[in-house]
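Inside the fold
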Amino acid sequence: MTLKKILPAGALCLTLLLLPSLGNAAGKVAVLPFLSRGSEGGERLVPSLEGRSFFRSGELPPYAPSLLTRLLWRKLREADVDLLPLSASEEVVRGGALRKDPLGAALAMGRKMGACGVVVGAVYRFQEREGSSVGVIKPASVAFEALLIRIADGRVIWRVRADETQRSLSENLLQAGTFFRKGIRWLKAEELASLLIEKEMEAFPLR
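My aim in this report is to walk through the structure given alongside it, one point at a time. (Residues numbered from 1 in each chain as written. Predicted model: local features only at pLDDT ≥ 70, side-chain atom pairs only at ≥ 80, totals over all residues. Heavy atoms only, no water.)

**A look at the overall build of the protein**
Each helix and strand counted, the protein has eight helices and nine strands in total. For the protein, buried positions account for 47% of its 207 residues. In the protein, 64% of the contacts between residues at least 6 apart in sequence involve partners at least 24 apart. A total of about 10,500 Å² of accessible surface is found on the protein, and carbon and sulfur atoms cover 53% of it. (Helix = DSSP H or I, 4+ residues; strand = E, 2+ residues; numbered from the N terminus. Buried < 20%, exposed > 50% of the residue type's maximum accessible area, 1.4 Å probe, protein only. Contact = heavy atoms within 4.5 Å. Areas by Shrake-Rupley, 256 points an atom, 1.4 Å probe, with all protein chains shown as cover.)

**Comments concerning the nonpolar core**
L76, F126, F144 and F204 are the most contacted members of the largest nonpolar core, which totals 36 residues. For this core, the secondary-structure elements that each account for two or more residues are β1 (29-31), α3 (64-78), β5 (117-127), β8 (141-150), β9 (156-165) and α8 (189-201). Apart from residues lying up to four places away in sequence, F126 is in contact with E59, L60, P61, Y63, A64, L67, L68, S141, V142, A189, E190 and A193. Formed by 24 residues, the second largest nonpolar core is a distinct cluster that contains L35, V118, Y124 and V156. (Core = buried A, V, L, I, M, F, W, Y, C linked by side-chain atoms within 4.5 Å.)

**Quick look at the side chain of Q127**
Its place among the elements puts Q127 in strand β5. Q127 has contacts with E43, G58, E59, K138, P139, A140, S141 and A189, leaving out every residue within four places of it along the chain.

**Observations concerning the pairing of strand β3 (residues 44-47)**
In summary, the side chains of a regular strand alternate between the two faces of the sheet. Pairing of β3 with strand β4 (residues 54-57), which is carried by four bridges, proceeds in the antiparallel orientation. Paired with P47 across the two strands is F54, which belongs to β4. (Pairing = 2+ DSSP bridges.)

**Focus: α8**
The first and last C-alpha atoms of α8 sit 19 Å apart over 13 residues, in line with the 18 Å expected at 1.5 Å per residue. Where α8 is concerned, the buried positions are A189, E191, L192, A193, S194, L195, L196, I197 and M201. (Expected span 1.5 Å × (residues − 1).)

**Regarding helix α6 (residues 102-112)**
For α6, every residue scored as buried is listed here: P102, A105, A106, L107, M109 and G110. Against β2 (35-36), α4 (86-92), α5 (97-100), β5 and β8 lie the buried residues of α6. Positive backbone phi, approximately 75°, marks G114, located one or two places after α6.

**Considering the packing of aromatic side chains**
For the coordinates displayed, the defined rule picks out three aromatic pairs. With 4.4 Å between their ring centres and 5° between their planes, F55 and Y124 make a pair best called stacked. Placement of F55 in strand β4 and of Y124 in strand β5 is noted, with a sequence separation of 69 residues between them. For F55, a relative accessible area of 1% translates into the label buried. Between Y63 and F126 the ring centres are 6.2 Å apart and the planes differ by 90°, which places this aromatic pair in the edge-to-face class. Residue Y63 is found in the loop between β4 and α3, and its partner F126 is found in strand β5; the two are separated by 63 residues along the sequence. Classification of Y63 by relative accessible area gives partly exposed; the value is 42%. (Phe/Tyr/Trp six-rings, centres within 6.5 Å; stacked < 30°, edge-to-face > 60°.)

**Thoughts on the pattern of salt bridges**
Going through the model one piece at a time under the given rule, you end up with nine salt bridges. In this structure, K28 engages D82 in a salt bridge whose closest nitrogen and oxygen atoms are separated by 3.1 Å. In this pair, K28 sits in the loop between α2 (9-18) and β1 while D82 sits in the loop between α3 and α4, placing the two residues 54 residues apart along the sequence. Among the salt bridges present, the one from D163 reaches R56, with a minimum N-O distance of 3.1 Å. Placement of the pair is D163 in strand β9 and R56 in strand β4, with a sequence separation of 107 residues. We classify D163 as partly exposed; its relative accessible area is 28%. Among the charged side chains, a salt-bridge network with shared partners connects E43, R56, R125 and D163. (Salt bridge = Lys/Arg side-chain N within 4 Å of Asp/Glu carboxyl O.)

**Regarding the side chain of S194**
Among the secondary structure elements, S194 is positioned in helix α8. A relative accessible area of 7% places S194 in the buried class. Setting aside chain neighbours within four positions, we find S194 in contact with L71 and K75.

Structure, rendered in structure tokens:
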């Protein structure tokens, strides 16, 4: 019998925070829309959301932030994470607060929604492959991050950091398990992003 069946809904979030080792404890998690942090005219270094490192920003089509938001939300749902609908997150995002202070604004928005945790992300580069699955002129290249903030104390307790360009099997044997998991072929940018998110899903603490 799970905690969700034993405890009333109002007690689940508190139990999750007091007993973080219980990976199957339920708690509502909100996923905020990804921020757009691309750059035009070539790649440049852009600070991460926490400001402790940098990403190589670059080409970023306008649909990329929305695509990454939906992709991450779907991967979390497939991992049995108890999620708030994306529409709830979109309703609380107003003005430029999230862009000016990503972590602080995300924490405030998560509290407003009554969530146990809130995910805030940013995409820095989302370059589609040029060519086909069997041969490319230019491979897919992505750079993005996502942070899970625990509402109770404002701590970041899970991260996805991706800054990857697919290479051929002969060039990067160590990464073959990631890039060629779906067969020896060249991936689209969304497929590459999906695999990079999947690598971190086992470590997601709030489910």
